[in-house]
Every structure is written in structure tokens, then in C-alpha cells.
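Descriptive structure summary
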Number of protein chains: 4
Amino acid sequence: MKVGIVGASGYSGEVLVKLLLGHPHVQLAAVTSRQHAGKPLSAVIPSLRGTAADALKFTTSDAAELAARDDIAVWFLALPHGTAADFAKALVPAGRKVIDLSADFRVADLATYEKYYGHHHAPELLPHARYVLPELTDPKWRSDIKLAAAPGCYPTSVIVPLAPLLSAGVITRQHIVANSFSGVSGAGKKAEEAYLYCERAESAKAYGLVKHRHLSEIEEQLSLRAGAPVVLQFNPHLAPMRRGIITTITAPAAPGATIDSLYAAWRAAYVGRPFISIIPSGETPDSAYVTGTNRVDLSAVHDPRTGNFVITSAEDNLVKGASGQAVQIMNLWLGFPETAGLL
Amino acid sequence: MKVGIVGASGYSGEVLVKLLLGHPHVQLAAVTSRQHAGKPLSAVIPSLRGTAADALKFTTSDAAELAARDDIAVWFLALPHGTAADFAKALVPAGRKVIDLSADFRVADLATYEKYYGHHHAPELLPHARYVLPELTDPKWRSDIKLAAAPGCYPTSVIVPLAPLLSAGVITRQHIVANSFSGVSGAGKKAEEAYLYCERAESAKAYGLVKHRHLSEIEEQLSLRAGAPVVLQFNPHLAPMRRGIITTITAPAAPGATIDSLYAAWRAAYVGRPFISIIPSGETPDSAYVTGTNRVDLSAVHDPRTGNFVITSAEDNLVKGASGQAVQIMNLWLGFPETAGLL
Amino acid sequence: MKVGIVGASGYSGEVLVKLLLGHPHVQLAAVTSRQHAGKPLSAVIPSLRGTAADALKFTTSDAAELAARDDIAVWFLALPHGTAADFAKALVPAGRKVIDLSADFRVADLATYEKYYGHHHAPELLPHARYVLPELTDPKWRSDIKLAAAPGCYPTSVIVPLAPLLSAGVITRQHIVANSFSGVSGAGKKAEEAYLYCERAESAKAYGLVKHRHLSEIEEQLSLRAGAPVVLQFNPHLAPMRRGIITTITAPAAPGATIDSLYAAWRAAYVGRPFISIIPSGETPDSAYVTGTNRVDLSAVHDPRTGNFVITSAEDNLVKGASGQAVQIMNLWLGFPETAGLL
Amino acid sequence: MKVGIVGASGYSGEVLVKLLLGHPHVQLAAVTSRQHAGKPLSAVIPSLRGTAADALKFTTSDAAELAARDDIAVWFLALPHGTAADFAKALVPAGRKVIDLSADFRVADLATYEKYYGHHHAPELLPHARYVLPELTDPKWRSDIKLAAAPGCYPTSVIVPLAPLLSAGVITRQHIVANSFSGVSGAGKKAEEAYLYCERAESAKAYGLVKHRHLSEIEEQLSLRAGAPVVLQFNPHLAPMRRGIITTITAPAAPGATIDSLYAAWRAAYVGRPFISIIPSGETPDSAYVTGTNRVDLSAVHDPRTGNFVITSAEDNLVKGASGQAVQIMNLWLGFPETAGLL
């Protein structure tokens, strides 16, 4: 089974290449990059020297040409929003399965998408697309859809802990506050002064307060689980590290809810899920412990003084927050073991 | 005017030594360290090679002996809580001014202190002590007291932004959530596995959730400003950097409060204060910009979607969060310019 | 085929556990740790949560008991020197294959060993042991020996580039200078002040100059290749990073030697070796590009001004410098593909 | 006494601004920056918020206009080579003292300069310029010259340890090998992919091997001291830190030379020099200990096995390696205490 990647010159593209080259059931047969077309992958991703990446070359990315390749069953789009939709428009009608790592198909409501991202390049595909957070999305998606939208990094770290608690009514919908702390790779491979080593080392700061784009995706998903609108405070921060996201959420306990009922809701939602690790109350997830894994680690405590739960999660923004989750989606879609190529 | 330091082998002690050696109006005449007694300061603090620290030696720390030194007018205590009170018991009756960097005299209410820290070694001194956050404490402290308790690192980063807003009624007392991210030096110079380079690099995590000791100090001070009990959620985190604290606070706006009224309250409280820097709404403080300074940088935004203010602050945990603030207290107490030795 | 690890609580032990758990042809059946006996591996190595390490428990480490386990064919010793020999004394006579990651059997000459490491605990095993650097050691070792000594981290980064050049007479034996730069994990998981995050971050320094223990191993191996004594200057340094070693070697070109003859010697020695990557002259290896791989990257330039070659190498000190190389040794010894579990 | 800076938007310019704002005997009256003209310094250098930098604005940089300002006695040039000479051409004839931090006047031999840097923009000024390494250059420079060339960062770390040893004949001129490891700020404030946080963190590598530009300056100076041509191997490296340079030099001991004669040569050369710290043999300089200081720390050991001395130095590349040294030059030129504004 052959797969391809459109646009693999960024950090998540690099991780996606590694995961697919090491995957037991698929062959990475095409990787496009306008910038690097013609070069072997290992010339651009030197950590892959001495692997199959020495033989595989980046190719140009003409949407029509790619759509014409009937040997490739699944395409991953690792592109900026907007551009991703442009490729989806060619690949979906050609009958290829598309797994999109961009934001283009994460928000079902077009008005909301356009409020946060501007003009949508392929709204006609929205009915054929689905937001797939494998542990939460109804498994029927596997047969229903033509395009899977892989969730964003911050949203995964917020939705995984909160969705089951809202569904079970363990927390209130009001006064939820999520603070996330992300490694610098979350900003992408941008040659901007703000992301230079000397600017980010020994530096921590909040940014994008009040209306970060990922809010649109977080609130739409949480509202679905809660069966009513959820509006929350989401405060993203940059941490002086390369990878990883930790998220700390303060949420008022619903009347009668206890730490046991919270953990019970998590266990019920995630029993048997290989990539969700529920940690005892009192221990806290550490971004270093999930780096390079497709895991989300979860923990929570109850504060009798405030009546709040304090909920913490950790993930690798480039794996469970992007490329690992995309491979997990592929595994489920194609009927492979969920953990294939991910352990 | 001669001053001394009891216990200067930790990170804040090291910064205190540097500030006092560079101070234009005082002479650092005694520095004690059980561990390093007999060694020149520059042998233990190599960054001070080639300075007066080559000549100054660490001495032993016998409380009675120190109290007997009538050439020294001010003693700084850079000691663990409990031990600090033991020294204060000898120095205060001897008529020395004491500036304590520990927690022993930060909490006026003895029951609260003992709930968070256990048995108090010198409760009889509490009436003669005052929690001095120079920008907020009534200036009368300068003549009233015998011992000044320097605020803690986290509390300074929370109280400086919130106190004026609670006094002015710009925010509510309910549903306040403070998330702080601290550099590793905040844990002190402890040879423990958890603080090894390989454990902390590329690692971010929450810790001490629900009942961190600094809460006692934060809530007592904020309740004083609000004129009513303030109970808040305080979530501390470790960030992979050496120095610096950033704090992000979510607080519901009081009815009718606007971002302008918030900034007005800050300006009224901090007009002319050299170490408080109020940054325009939309920009956020960065820990790297305050490293090595005695500043707190402040900023805030209003979120019309949630009705909350999101308030951010940054400070150097070892300077404004510890030793710099202690020197600022000394400057005011002895009638020196507030910024002497701190710019 | 079952294998076991004695002493897996350090950084290289942790990497060894991960490599063996992911290995396609062996089962990790026993892992000992005095400190952690009874705990699941994933409780001590949280990055392994959600894997087989949840089920596997650390056991105590009684040499006789381990030797009695006839289900385990290969034992890896991840122990301090001295202790490793004590275990080898029990396991080798019991007919178990032993792969030792310590220094105990790296030096064939007992007098040299004792000069650098002191008393040897099992000199009687030296005849049955061999220093196995898979790309350089005569393949006959696979049938000859009972114990394989895995090379050290620094030595691998020096011997891999130099051995073929000395054998081919491309460089002189005199005036060779090797400067190595290692990540902090090279110091092991020691709770000492010198290795705290705040001491090592933003810090670079030389250490162990003149007579670092690894010299004994480096010079014995290089002298073997050169057919005459090689004495070199080896200057190790600590770099503020977790993993990786880069080594920069200055070696005078032999009369008539060119950069082409140097590369020819490397290619002849390493043709078809999957873990040696020879980079074009002018490009330099980067520690970040080999992290997590079992590779050594090599490059060199000729300086017509000085008549020297400047030779650079990079490796992951915990993989090719320790546990990865040990697994590579096992693969060859047991007849598995050399890259099994290592790509 | 008023001074000005031309081009202060880089990392060393930022440090120079801080040093001059804090200097007791001069007033920083003009700071130019094409990029930031019109903005307050503290808007571009936020670490200066709350200082005089709030009032001082960047101005445009027209050479003729600057030359016309007769209130400014000393100009610092913090510019790329070539551009610096263009400004010197206007400022020197106008009778201003010029301290140039660029390479334009570091090399006295025009042919050598042009071999390494290309066309020289103001060769006519070379007779009026002097390479001033304050601890080594003949004090007569203070009255002789119109322009002082401040040494480069790497050269300072190599010349300070070697010059006295070559003058005293303690080491040979042959087979000298210098390996330097620099923090990333040494590359300047360039928005290039190579200097992004995610590229440099956890990364160490050699670069610019064989013919780094600083060699021209190093060899010209060392040859002067040795009274004969010195050709050495200089291997620069990037280390994952913001600031600091450590240099490790291997040099064969001259016949009869001992570690005592080496230290004697250093003490004779540097007795009473406040910024040279000679550390006991066996201890090694650490870049973290000199950060923020104008010091060079020196140490050496003798290796009886190889007959070499291994010499180590550490400095802050932005202070003693650039702006601090420039201020030290000003202090001496204007007759201020050498340490004014630098302790």
C-alpha cells in the first residue's frame, strides 16, 4: 500500500516522513516540496542519513499530477491552511483518501472557519470531511468520509482531557480556563527573529491571547460533547524547549462531582486506548516523558478550597499533536493495528 | 554602613552578594555559610573572580556571635524557613535591622503559617515584623518595624498585578485563576535527581498543585487589598530555563470594568515606581526581558467572549522575586534612593 | 530468544530497555535494579507508559540467581566498572553470552587497565573477552568469545574516524589532537550539584584533561590499527545539551596523503556498513542529526596552510556510544540482521 | 563627555548600549539604527525598560551628519565590516575618536585583510589605526592613534592565553591547535533557519574549518609576539548556548618549559590586570562563570605523555569578546579607571 506526503519541509512533515518510512504496512512513495524538489530526503533531513530516505527524492507538487498517480491510495497534506484545501480539491475527486494536517477541514461550521481563518478554498468538501480525534470520533467515520482532518496540537491537549468530563457532566461549562505551554517547534520552521535560538532560550511568554485560531476547533468540539455551547479561556505560551505541549486546565466541579467520578469518566472513555495514559491524581504529566511518543498523559486533582478540578495533560506537539495522530488515523482508516508504526 | 548576609550558598544568596558588593552606599562586611566557612566568596561564586569577593571570606554562622557585631546595622537572612526565625530571635533583640528572605514572617496570621509551614520558631517577633512589598506596603513600615519579610517569588508576580485591581474593584474576587511558570533556580541549589540538567531540559510540568505554600501569603495579601477573603486557584509549573517567572492570570471583569479602567488602576497604583513597567495591552511580558533586572512587567487584555481579563506578568525570580526586592527594601528602610545598586 | 539487563536505572540503561522492547527478534525477560526492584519499568521510565514496560517489573540482582536462569541466553551489563566484572564472573561460567557496557573488559592489557581503573575483579575472563567495535573488530569474534566489551562513547567517536586512516597510513601517529564535546547524559544520572540544570545550562567547559580514563581504550585500539604505539592528546568537554558527542580531530597528513586518499580509506573500511555515514568534505556532522540513531557521521577537510587534516565525527553517546552499539553487537553475535531494532 | 554608537541593533550593540548607559563618566548621546530610527531604545531592547533608554531614541545614520556633531567625542562602530570603514572615513577626519568593533582595522597588513575580507573601503586610515587588546598592546597607542580596532571574540580567547607564552618562548610555534566553542549569539542577530531555536538547541557542530576569517587577526598578532610567523589550526564550533566562548589550545612545550614557567609567563604579563583571571592548573574555566563579565579566565595543564600543554580560556563573547573590551579601550583612551562601568 503506497502513501504520499504533500509538503514535507516543516517540522511535522519531517516527523511524518520518519513515521511512514518506519511503518510496517505502507510504503512512502512520494514526498513533495516546492523548495527541495530534486533533493534526496536525507539531504534535507540529515537525521535520516543511512535509511531509505537516501534513495527517496522530493518531487514538485502539481495537484493534478499527484491526483493522477493511481498507485497512491492515501495522501497526507502537511501544508498551510488554504493551500491544503487547494490540493484536497484535486485529490478527493480522484478517489484518493486524504488526511489533512492543516486547519482547513477541522471546523465543520463554515462561518466559524471564515471568522478565524478567512475565505475557505473548498467549502464543497466539508460534507465529505470529518474531524477525527481517534479516541473520540464515532468510528463510523472510517466508512463515511473521503477526507480526515487531523486535530491541531493545542486542541488535542485540551479536548482529550475535557470531552469525557463534559459528556459525563463532571465539570461545569462555565469558567473553564486552559493554559497551554508549547515547545518552539509549534511555531513551525520559520526564519523569523522571534524564533532565533538567542531570542527563545531562557524565555517564556504568553502570546495569541483572547482569540487564538485553535479556539474555533476547541469550542466546536467541546460544545458537541457538552450538548451545549462551551466558551472557554485559552491562554497559549511559548516555552524554551523544542517539542512538547503541557496544558493545565482549571474547571469547576459539577455539583456532587468528585475526583473519583472524574477518573471514572476518563476510564470509561479511554479504556483500552493505547495512546491515552491516565496518571494517578497527585502526579503530573511531564512533556519530556511523551516526547517522541503518540501518547497523551492525563492527570487531575480536586481543590476543596476552590471547588475546582485542576486537570493536566502532556503530549508531543509533533506526534500526537500532528503527524503521529495522522498516522493513527491512517491505521484505523485502512484497517491496520492502531499502533502500527507508532510504538 | 555595613551589612551582612546569613546563609549565602544558594542561588538567591549568590545574587544578593553581587548586588550588595556593587551597592554604592553599603559595604558587605560579613557573609556566613556553614558549608563554605573559610573560603573566599569568589572560590564558591566563580563569576565574582576579580572583584572584592576575592578578599571576602565566608564565616561560620553562630547567631549570638553575629548579634554581637555592632558594626553591622542590617542583616539579610537567606535561609530555609525555621532556621531564619532562629537567627531573627538573636538579631532583632540586639537592635539589628533584619531583612528576611524566607517565609517565616511573610504570613501575619500564625494559624495560617502553621497550617502551611508547621511550628513557628519565633511567633513573638510577628508584631515587630511586616510583609514589605515596597510598591504596595504602607510606607509607615519604615519606622514601625524591626524585621522586614521580603515577599516570595511567585507571590510578587501574582500580587503586583492583582492588588490594585482588587482594591479598585476592577475584577471580581471569585474564579481567579493564576498559572505561573518558573525557571529551575526557583527550586534552589538542591542536588536532587529531579533537578538534573538531563531531567529538566526540554521538560515542562505542573507541580505542587492545589496547596502550594505560597498560597498562604498570596491569599492573605490579596484579601487585605480586597477587604474580603480572596480564594484563588494557583497552578505553579517548572519551565526549562534557569531564571524568570511568568504568571498568567484569568480574572472575571467586575460589572462595567473595561481594559481602560484596569490600566487606570495600575497607573494610579504604580505611578512613579521605577520597578513596575506597564506594557500596552496586546503585548505580553517575556521572562527574558526582565532577567537580571528588579522589574515586574505587566500587561492585560479583555476577552469579550468570556468576560475575563487575562493578565500577564514577568519578573526575575532571583531579583525582584528575592534578592533585588530585599535590597530595594533596604534602600527604602535606610533612606537611600530606591534604585541604588539596582539599575 | 530471551535477554536480560543487569542494572538499568541510568540513562544508557533506559535507552537499552527501549531498544530491546522494540526489537523484533528478542524478548526482554529480565531487568534488574537494586534501587527499583519490584516497580514496573514504566513507573521508573515514564516515557515507556503504555508499552510492554507496564507489565515488566525490575527485579533484584543476585548474580548467582541470574546465572541460574537458563531461559536467558544473553545478559547486558549496564553497571559501573568493577561491579560489571563481578556479574560477569557468575554469568560467563554459566554459559550465558555477556555484553558488557562498562569499561571492565575494554582494555586487553591488564596493567593498563589497572593504571586507569585500579584493581580488576575478573582478570581470568580477559582471554574470553573481546573489544567489539562491530565495524572494525575481526568478525571471527562472533565464534571466539564468551564476553563482548561494548566500546565507550568517546572512544567510538575517535576510533571510528582514525582507525582506517592509521591502518592506511594516511595520517601520522604524532601530533594527533582530539577534542570531544559531550552532552550531560555522558556523566550519568548522578544527583550531584555539578550536573544540576542551573549549573550546566548556558555552560561549556573542558574537564578531565590529560588523563581521562577513556584514553587507555582509545590508545590501545589505535595502536593496534597503526601497528605501533599511538599517543594522542584527548580533550573532553561538557556541552549544555542532553545527548550527543561531537569530536574534532587534528591530525597531520602523511607525506603525499590527500583528502581523496583519506576519503578512499574511509570508504574502503566502511563500505556497506549501515551505521557509518561519510559526509562530503566541507560539510560537518551535527550532534542533533544523530540523536536517537546508531549512526556515526564522519567528515574531513585538508588544511594546506598547516598540512593537517581536520576530521569531525558525531554520534549519540547513549546509542552508538553505548546501548545501540551493544544491541548491534547482539545482532551480529546471534546472527540477526545488523540493523534489527536499530532503524 | 558624550559618546555615540553607530548601528546598535545586534547583540553586541545591545550590550554596548547597556554598558554605556551604566557608565559613570560618559553620557550615551546618540545611537543610530537604520532599521529602528525613531523608536525609543527600550522599545527595541525591552530589557532596558524603566531606564534612561525609555527617553533615548534611535536616529538615522548619515555619516556626514554624525561627523558634524561636535558634542560627541567618541564614536563606537557596531557595524558589518566594510560599512564600518565607510563611517570611519567621515568620523576620523572630523577629529572624533573612533572605536571600531568590526574587522576593518584589525589586520594591519592590507594584503592579508583583502585575502580574507575582500576590498578594503578605507586603507588610507590604516596608519592611524591600531589593534588594541588592552592587556597586550603597547600603551603608547593611547596617544598615537585616531582609531582603535577592538579585537574579535575568538581572537581574544586565543591571543590572551598564547601571546605571553610565545613571547617568553614557553611553547613552540609549530603544531598549535586551538578549538573554540561559541554561543549562538556569536553568529549575530540573523533571521536564518540555521540559527532557529529548534535547529541549535541540543546541537553542537564544527563550522568554518580551515580558513575562518578570524585566523588573519589571530596569526598576525601571534606572529608579532613570537617574532616569527605563527601558523595554527583553528577549529571553531557552535554550542547550544546564548553567550560565551571557551577555547582549548594544545601547544607543544618548548624544551625545558614546565607548567610553572607557563604560569610565570602569564603572571608576568598580566600582573595587576583586572580582567585576566589566572586559575590554578587542574581547574578549568567555565563559560557560565564569565557571562556578563569583561573577564578572561585562563588555566593550563602539562601532559607528560605527549609533551603538550593543554591551555583553556573562557570569556563572554559579547563583553570581553566585543562591547566590554570596546568600553575598556575607551576607559584607557580617555583616562578613566580601566574598570569604570565594567564591574
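In what follows, the accompanying structure is described. Note that this is a predicted model, so its numbers are computed, not measured. (Residues numbered from 1 in each chain as written. Chains lettered and ligands numbered in written order. Predicted model: local features only at pLDDT ≥ 70, side-chain atom pairs only at ≥ 80, totals over all residues. Heavy atoms only, no water.)

Things to note about the overall build of chain A
When its secondary structure is counted, chain A shows 12 helices and 14 strands. Relative to its length of 343 residues, chain A is compact, with a C-alpha radius of gyration of 20 Å against a globular reference of 20 Å. Taken along its principal axes, the extent of the C-alpha atoms in chain A is 60 × 45 × 40 Å. A burial count over chain A gives 63% of its 343 residues as buried. Here the analysis covers contacts within chain A between residues at least 6 apart in sequence; of these, 70% occur between residues at least 24 apart. For chain A, the accessible area works out to roughly 11100 Å², and carbon and sulfur atoms hold 53% of it. (Helix = DSSP H or I, 4+ residues; strand = E, 2+ residues; numbered from the N terminus. Rg over C-alpha atoms; globule rule 2.2 N^0.38 Å. Buried < 20%, exposed > 50% of the residue type's maximum accessible area, 1.4 Å probe, protein only. Contact = heavy atoms within 4.5 Å. Areas by Shrake-Rupley, 256 points an atom, 1.4 Å probe, with all protein chains shown as cover.)

Comments concerning the pattern of salt bridges
Across all of its chains, the model carries 62 salt bridges over all chains by this definition. Counted as one network, the salt bridges with shared partners bring together Lys2, Arg69 and Asp71 of chain A. (Salt bridge = Lys/Arg side-chain N within 4 Å of Asp/Glu carboxyl O.)

Notes on the interface of chain D and chain C
Opposite the 43 residues of chain D that make contact, chain C presents 42 residues. Of the roughly 3600 Å² buried where chain D meets chain C, counting both sides, 55% is carbon and sulfur surface. There are 6 salt bridges connecting chain D and chain C. In this structure, the salt-bridge partner of Arg242 of chain C is Glu202 of chain D, at a minimum N-O distance of 4.0 Å. For the pair chain D and chain C, the number of links is 25 residue pairs in polar contact (both at pLDDT 80 or more). Looking at side-chain class alone, the side of chain D that touches chain C contains 19 nonpolar, 14 polar and 10 charged residues. (Buried area = accessible area lost by both parts, 1.4 Å probe. Polar contact = N/O pair within 3.5 Å; in protein donor to acceptor, adjacent residues only side chain to side chain. Nonpolar A, V, L, I, M, F, W, Y, C, P; charged D, E, K, R; others polar.)

Things to note about the packing of helix α5 (residues 110-117) of chain D against helix α9 (residues 214-226) of chain D
Residue and element names in this part refer to chain D. Remark: α5 packs on α9, axes separated minimally by 9 Å, with the N-to-C direction vectors making an angle of 155°. The orientation of α5 relative to α9 falls into the category roughly antiparallel. In this structure, α5 contributes Thr112, Tyr116 and Tyr117 to the contact, and α9 contributes His214, Leu215 and Ser216. Its residues assigned to classes, the contact of α5 with α9 comprises 3 nonpolar, 3 polar and no charged. (Axes fitted to C-alpha atoms, helices over the stretch in contact; angles between N-to-C directions. Parallel < 35°, antiparallel > 145°, perpendicular 65-115°, else oblique.)

Focus: the interface of chain B and chain C
With 19 residues of chain B at the interface, the matching set in chain C holds 19 residues. Between chain B and chain C, the buried area comes to about 1800 Å², and carbon and sulfur atoms account for 64% of it. When the buried surface of chain B facing chain C is broken down by residue, Tyr197, Cys198 and Arg242 of chain B rank first, second and third, together holding 40% of it. Applying the counting rule to chain B against chain C returns 1 salt bridge.

Topic: the state of the cysteines
On inspection of all chains with the given rule, the structure shows 0 disulfides over all chains. Of the cysteine sulfurs around Cys153 of chain A, a residue in no disulfide, the closest is that of Cys198 of chain D, at 12 Å. What makes Cys153 of chain A buried here is its relative accessible area of 13%. (Disulfide = S-S within 2.5 Å.)

Structural notes on helix α10 (residues 259-270) of chain D
Residue and element names in this part refer to chain D. With 12 residues, α10 extends 17 Å from end C-alpha to end C-alpha; this agrees with the ideal 16 Å at 1.5 Å per step. The complete set of buried residues in α10 reads Leu262, Tyr263, Ala265, Trp266 and Tyr270. Buried residues of α10, seen end-on, are gathered within an arc of 155° and therefore sit on one face of the element. Residues of α10 that are exposed and point more than 90 degrees away from the buried face comprise Asp260 and Ala268. Where α10 ends, the next residue or the one after it, Gly272, has phi of about 80°, a positive value. (Expected span 1.5 Å × (residues − 1). Arc of directions from axis to C-beta.)

Side note on the packing of aromatic side chains
Summed over the entire model, instances satisfying the criterion amount to 20 aromatic pairs over all chains. Ring centres of Tyr113 of chain A and Tyr117 of chain A lie 5.0 Å apart, and the angle between their planes is 20°; on these two criteria the pair is classed as stacked. Within this pair, Tyr113 of chain A and its partner Tyr117 of chain A are both found in helix α5 (residues 110-117), separated by 4 residues, close to a single helical turn. Residue Tyr113 of chain A is classed as buried on the basis of its relative accessible area of 1%. When the centroid spacing of 5.3 Å and the interplanar angle of 65° are considered together, the rings of Tyr263 of chain B and Trp266 of chain B count as edge-to-face. Of this pair, Tyr263 of chain B and Trp266 of chain B both sit in helix α10 (residues 259-270), separated by 3 residues, roughly a single helical turn. By relative accessible area, Tyr263 of chain B is classed as buried at 6%. On the basis of relative accessibility, which here comes to 0%, the residue Trp266 of chain B falls in the buried class. Directly above the aromatic system of Tyr116 of chain A lies the positively charged group of Lys211 of chain A, at a separation of 4.9 Å from the ring centroid. (Phe/Tyr/Trp six-rings, centres within 6.5 Å; stacked < 30°, edge-to-face > 60°. Lys NZ or Arg CZ within 6 Å of the ring centre and 35° of its normal.)

A closer look at the relation of the copies chain B and chain C
Superposing chain B onto chain C takes a rotation of 180° combined with a translation of 0.0 Å along the rotation axis, leaving an RMSD of 0.0 Å. What the rotation and shift describe, once combined, is the action of a two-fold rotation axis. Both copies contact each other with a shared surface, as 100% of the interface residues of chain B are interface residues in chain C too. (Least-squares fit on C-alpha atoms with pLDDT ≥ 70 in both.)

Things to note about the relation of the copies chain D and chain C
Put simply, the second copy of the chain is the first one after a rotation about an axis and a shift along it. In the superposition of chain D on chain C (RMSD 0.0 Å, axial shift 0.0 Å), the rotation amounts to 180°. Mapped onto chain C, 98% of the interface residues of chain D again fall at the interface, so both copies present the same surface.

Considerations on the environment of Ser42 of chain B
Residue and element names in this part refer to chain B. Note on placement: Ser42 falls in helix α2 (residues 41-44). On the basis of relative accessible area, Ser42 is assigned to the buried category, the value being 9%. Separated by 248 residues in the primary sequence, Ser42 and Val290 have C-alpha atoms spaced 25 Å apart. When near neighbours in sequence (up to four residues on either side) are disregarded, Ser42 contacts Leu48, Arg49, Ala53 and Asp54. A polar contact is formed between the side chain of Ser42 and the side chain of Asp54, at a distance of 2.5 Å.

Describing the nonpolar core
Grouped together as the largest cluster of nonpolar side chains are 100 residues, with contacts concentrated most on Ile5, Leu20 and Phe76 of chain A together with Ile5, Leu20 and Phe76 of chain D. Look past the residues within four positions of Leu20 of chain D in its chain and what remains in contact with it is Val3, Ile5, Val26, Leu28, Phe76, Val327 and Met330 of chain D. Core analysis: the second largest hydrophobic core is formed by 99 residues, Tyr195 and Leu196 of chain B together with Val74 and Phe76 of chain C among them. (Core = buried A, V, L, I, M, F, W, Y, C linked by side-chain atoms within 4.5 Å.)

Thoughts on the environment of Ala326 of chain C
Residues and elements named next belong to chain C. Note that Ala326 resides in helix α12 (residues 319-334). The exposure class of Ala326 is buried, given its relative accessible area of 0%. For the pair Ala326 and Ala148, spaced 178 residues apart in the sequence, the C-alpha separation amounts to 8.7 Å. When neighbours within four sequence positions are excluded, Ala326 is seen to be in contact with Phe76, Ile99, Leu101 and Ala150.

With respect to the sheet that holds strand β9 (residues 205-206) of chain D
Residues and elements named next belong to chain D. With mixed pairing, the 7 strands of this open sheet are ordered in space as β9-β10-β8-β11-β14-β13-β12. Each having just a single partner strand, β9 and β12 (276-278) make up the two edges of the open sheet. Relative to strand β13 (residues 296-303), β12 is paired through 3 bridges, and the arrangement is parallel. Following the sheet pairing, Ser277 is matched in β13 by Asp297. Packed on one face of the sheet, α10 meets β12, β13 and β14 (308-315) and runs near 160° to β13. (Pairing = 2+ DSSP bridges.)

Points about the pairing of strand β4 (residues 72-77) of chain A
Residue and element names in this part refer to chain A. With respect to burial, β4 is a largely interior element, 5 of its 6 residues being buried. Inspection of the sheet shows strand β1 (residues 2-6) paired to β4 by 5 bridges, in the parallel sense. Of the residues in β4, the one forming a bridge with Ile5 is Phe76. Examined bridge by bridge, β4 and strand β5 (residues 97-100) share 4 bridges and lie parallel to one another. The residue of β5 that forms the bridge with Leu77 is Asp100. In this region the chain leaves β4, passes through helix α4 (residues 83-91) and returns to the parallel neighbour β5; the handedness of that crossover is right-handed. (Right-handed = clockwise from strand over helix to strand, strands pointing away.)

Remember that the coordinates give geometry; whether it matters functionally is a separate question.
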